[in-house]
Amino acid sequence: MTALAVTTLVLGGARSGKSGYAEGLLAGRPALYLATGQALDGEMAERIDHHRRRRGESWSTLEEPLDLPETLAGLPRPDRPVLVDCLTLWISNLMHAGRDVDEATARLCQVLAEPAGPVVLVSNEVGLGLVPETKLGRDFRDHQGRVNQRVAAVCRKVVFVAAGLPLILKDVA
Amino acid sequence: MTALAVTTLVLGGARSGKSGYAEGLLAGRPALYLATGQALDGEMAERIDHHRRRRGESWSTLEEPLDLPETLAGLPRPDRPVLVDCLTLWISNLMHAGRDVDEATARLCQVLAEPAGPVVLVSNEVGLGLVPETKLGRDFRDHQGRVNQRVAAVCRKVVFVAAGLPLILKDVA
Amino acid sequence: MTALAVTTLVLGGARSGKSGYAEGLLAGRPALYLATGQALDGEMAERIDHHRRRRGESWSTLEEPLDLPETLAGLPRPDRPVLVDCLTLWISNLMHAGRDVDEATARLCQVLAEPAGPVVLVSNEVGLGLVPETKLGRDFRDHQGRVNQRVAAVCRKVVFVAAGLPLILKDVA
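Scoring rules and cut-offs
- Residues numbered from 1 in each chain as written.
- Chains lettered and ligands numbered in written order.
- Predicted model: local features only at pLDDT ≥ 70, side-chain atom pairs only at ≥ 80, totals over all residues.
- Heavy atoms only, no water.
- Least-squares fit on C-alpha atoms with pLDDT ≥ 70 in both.
- 1 Å grid on protein atoms, 1.4 Å probe; cavity = no way out; pocket = protein on both sides within 12 Å on 5 of 7 lines; lining within 4 Å.
- Points joined across faces, edges and corners; volume = space filled by probe spheres on them.
- Nonpolar A, V, L, I, M, F, W, Y, C, P; charged D, E, K, R; others polar.
- Contact = heavy atoms within 4.5 Å.
- Buried area = accessible area lost by both parts, 1.4 Å probe.
- Salt bridge = Lys/Arg side-chain N within 4 Å of Asp/Glu carboxyl O.
- Polar contact = N/O pair within 3.5 Å; in protein donor to acceptor, adjacent residues only side chain to side chain.
- Helix = DSSP H or I, 4+ residues; strand = E, 2+ residues; numbered from the N terminus.
- Expected span 1.5 Å × (residues − 1).
- Buried < 20%, exposed > 50% of the residue type's maximum accessible area, 1.4 Å probe, protein only.
- Pairing = 2+ DSSP bridges.
- Axes fitted to C-alpha atoms, helices over the stretch in contact; angles between N-to-C directions.
- Disulfide = S-S within 2.5 Å.
- Parallel < 35°, antiparallel > 145°, perpendicular 65-115°, else oblique.
- Left-handed = near helix turned anticlockwise from the far one by under 90°.

A. Region of the structure containing the relation of the copies chain A and chain C. Of the transformation superimposing chain A on chain C, the axial component is 0.0 Å and the angular component is 120°, with the fit at an RMSD of 0.0 Å. The two molecules are tied by a three-fold rotation axis, judged by turn and shift. No C-alpha of chain A approaches the rotation axis more nearly than that of Gly-129 of chain A, which lies at 2.6 Å.

Here it is as structure tokens:
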């Protein structure tokens, strides 16, 4: 069991192995899986179920699509490691609900600056293709990029995952 | 001439210089170019011709759009280095032909686990943009990501190329 | 104030923090901001204004959408550091104007091979999503990738930025 940074951001593309890598960081620890995704359709339900089976039954799961900072700040067992999967769906949920993404990100960063226990956060990198054709697509991409930058700035460790393999972007012991 | 790992996966975006980098790994060696692409239209024919001219005439070329694992396993001169370019077109071909991508990937990984000679494989990273709008696009992206993870897991060396320059993701001597 | 390479290429996705990172390289130096973008619509005007406010008033600004090599070669104070932001809009402008992108890139690389003073160039990586559906999209992606490769080849330092954090691709002292 390797040392776990108090806050870790795991970045990567879709199907890059970022969630598996993040789960591996917590391997052997009783952890809480804080899911921002909701099983709204069959495709999403299948993905969530696939992730659940991979983690095994020893993990607890909590679903919170919107109030992520408040949930992180008020966990009943705050010293237990938490895996937040993922910030991308959280941003998407906030936008659909008409919430202020920048304000919510500020609250998240406040919590991450003084976490009660280890937190690993998974997030997508979505800005490495062509410019999206719609204003909504560009807004989403911009929010995602800004959230990644701000969360990366407060996390002690930041990792970029490709093909299941990590590149270390930041590691402040 | 630098040492060549027995199996190398070269990942990168479109026009990232990944094929040129992969060819450079084999520079000065008589090698086999195993092409998965087919000259079905003018644009593709132009790309294939461009690649051929860059490699020069000393390379042998073999086209195999579908049965890549079987072809790799049954090469007449198995000790000669092989450049597989690329897994992305292979996946696309398998999907169009209605083949089982996961099963074909398992067979490829078996061959790569005990290769007869050095193999360099080129593959695209396609998951770093926004979510594709079509189910087909999402399926392709998912297949590509899973293939990259599984092939990366069996290869001794994995390199991410951007602007023609390498970042080493894995190097098991 | 850290040492500044004579030529630096800063690559990254949209909203990756690449411009902020590039500005940070020049922090504390009186520099020239050479903008290739033009405030043609409200969205772009907002972005340009945002960038200007972040840099502060001590920077000089010059707008040049097309003749970037000639402008770089003919600066009135050639020893002053220059930030070129960005090559992506420059390519887009060249294509819209019907200019020859390869020829213009060759001229840019000539200037960068013997610069009068430090030059930092910002550019997007756009090839890490699915294949664009239009010929124009594929052409743009291809130009962008080739320009990045060629400029990276002549620059002394090349950095890939994700979430505001750098990965060094090349550093020739």
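B. Representation of empty space enclosed by the protein within the structure. The full count for this structure, using the stated rule, is one cavity of 30 Å³ or more. If you add up the space inside the largest cavity, you get close to 50 Å³. Lining the largest cavity are Glu-125, Val-126, Gly-127, Arg-141, Gln-144, Gly-145 and Asn-148 of chain A together with Ala-14, Arg-15, Ser-16 and Ala-163 of chain C. Of the residues belonging to the lining of the largest cavity, the class tally is three nonpolar, five polar and three charged.

C. Local environment of the interface of chain B and chain C. Listed per partner, the contact involves 24 residues of chain B and 20 residues of chain C. Looking at the side of chain B facing chain C, the largest losses of area belong to Arg-15, Ala-163 and Leu-165 of chain B, adding up to 34% of the total buried there. Here Asp-142 of chain C ties to Arg-15 of chain B by a salt bridge, and the two come within 3.0 Å at their closest N and O atoms. Our enumeration of links across chain B and chain C arrives at five residue pairs in polar contact (both at pLDDT 80 or more). For the side of chain B that touches chain C, the residue count by class is eleven nonpolar, eight polar and five charged.

D. Quick peek at helix α6 (residues 135-154) of chain C. The terminal C-alpha atoms of α6 of chain C, which comprises 20 residues, lie 29 Å apart, in line with the 28 Å expected from a rise of 1.5 Å per residue. All of the buried residues in α6 of chain C are Gly-137, Arg-138, Phe-140, Arg-141, Asp-142, His-143, Gln-144, Gly-145, Val-147, Asn-148, Val-151 and Ala-152 of chain C.

E. Main features of the sheet that holds strand β3 (residues 60-63) of chain A. Residues and elements named next belong to chain A. Spatially, seven strands are ordered β3-β2-β4-β5-β1-β6-β7 in an open sheet, and the strand pairing comes out mixed. Of all the strands in the sheet, the pair left with one neighbour each is β3 and β7 (165-171). Adjacent strand axes in the sheet meet at a mean angle of 20° when their direction is disregarded. Sheet topology note: the strand β4 (residues 82-85)/strand β5 (residues 119-124) ladder contains four bridges and is parallel. Looking at β5, one finds that Val-84 is bridged to Leu-121.

F. View of the state of the cysteines. Residue and element names in this part refer to chain B. Applying the stated rule across the entire model yields zero disulfides over all chains. No disulfide involves Cys-109; its nearest neighbouring cysteine sulfur is the one of Cys-155, lying 8.0 Å away. You can call Cys-109 buried: its relative accessible area is 10%.

G. Here's a closer look at the environment of Glu-114 of chain A. Within the element layout of this structure, Glu-114 of chain A appears in the loop between α5 (101-113) and β5. Between the C-alpha atoms of Glu-114 of chain A and Asn-124 of chain A, which are ten residues apart in sequence, the distance is 24 Å.

H. Highlighting the pattern of salt bridges. On inspection of all chains with the given rule, the structure shows 24 salt bridges over all chains. In this structure, the salt-bridge partner of Lys-135 of chain A is Asp-139 of chain A, at a minimum N-O distance of 3.1 Å. In this pair, Lys-135 of chain A and Asp-139 of chain A both sit in helix α6 (residues 135-154), four residues apart, roughly one turn of the helix. By relative accessible area, Lys-135 of chain A is classed as partly exposed at 45%. On the basis of relative accessibility, which here comes to 26%, the residue Asp-139 of chain A falls in the partly exposed class. For Asp-142 of chain C, the salt bridge goes to Arg-141 of chain C, with nearest N and O atoms at 3.2 Å. Look at the salt bridges and you will find they share partners, linking Arg-15 of chain A together with Arg-141 and Asp-142 of chain B into a network.

I. Broad picture of the interface of chain A and chain C. Contacts between the two partners involve 20 residues from chain A and, on the opposite side, 24 residues from chain C. The largest share of the area that chain A buries against chain C comes from Leu-128, Leu-130 and Leu-169 of chain A, three residues that together contribute 39% of it. Counting every contact that joins chain A to chain C gives five residue pairs in polar contact (both at pLDDT 80 or more). Residue assignment for the side of chain A that touches chain C shows that the elements contributing at least two residues are α6 and β7 of chain A. Here the element with the most residues in the side of chain A that touches chain C is α6 of chain A; it accounts for nine residues. Taken together, the residues of the side of chain A that touches chain C sort by class into eight nonpolar, five polar and seven charged.

J. Looking closely at the sheet that holds strand β3 (residues 60-63) of chain B. Residue and element names in this part refer to chain B. Strand order in this open sheet of seven strands is β3-β2-β4-β5-β1-β6-β7, and the pairing throughout is mixed. Only two strands of the sheet have a single partner each, and these edge strands are β3 and β7 (165-171). For this sheet the average axis-to-axis angle between neighbouring strands, irrespective of direction, equals 20°. Pairing of strand β1 (residues 7-12) with strand β5 (residues 119-124) involves six bridges; the strand directions are parallel. Bridging from a neighbouring strand, Leu-9 pairs with Leu-121 of β5.

K. Molecular detail of the packing of helix α4 (residues 87-96) of chain A against α6 of chain A. Residues and elements named next belong to chain A. Look at α4 against α6: their axes get within 10 Å of each other, and the N-to-C directions meet at 130°. Regarding the angle of α4 to α6, the classification is oblique. By crossing handedness, the relation of α4 to α6 is classed as right-handed. Judged by residue contacts, Leu-87, Thr-88, Ile-91, Ser-92 and Met-95 of α4 engage Leu-136, Asp-139, Phe-140, His-143, Gln-144, Val-147 and Val-151 from α6. Among the residues making up the contact of α4 with α6, the classes are represented as seven nonpolar, four polar and one charged.

L. Here's a closer look at the environment of Gly-20 of chain B. With respect to the element layout, Gly-20 of chain B can be found in helix α1 (residues 18-25). Taking C-alpha positions, Gly-20 of chain B is 16 Å from Thr-61 of chain B, a pair spaced 41 residues apart along the chain.

Purely geometric numbers; function is a separate question.
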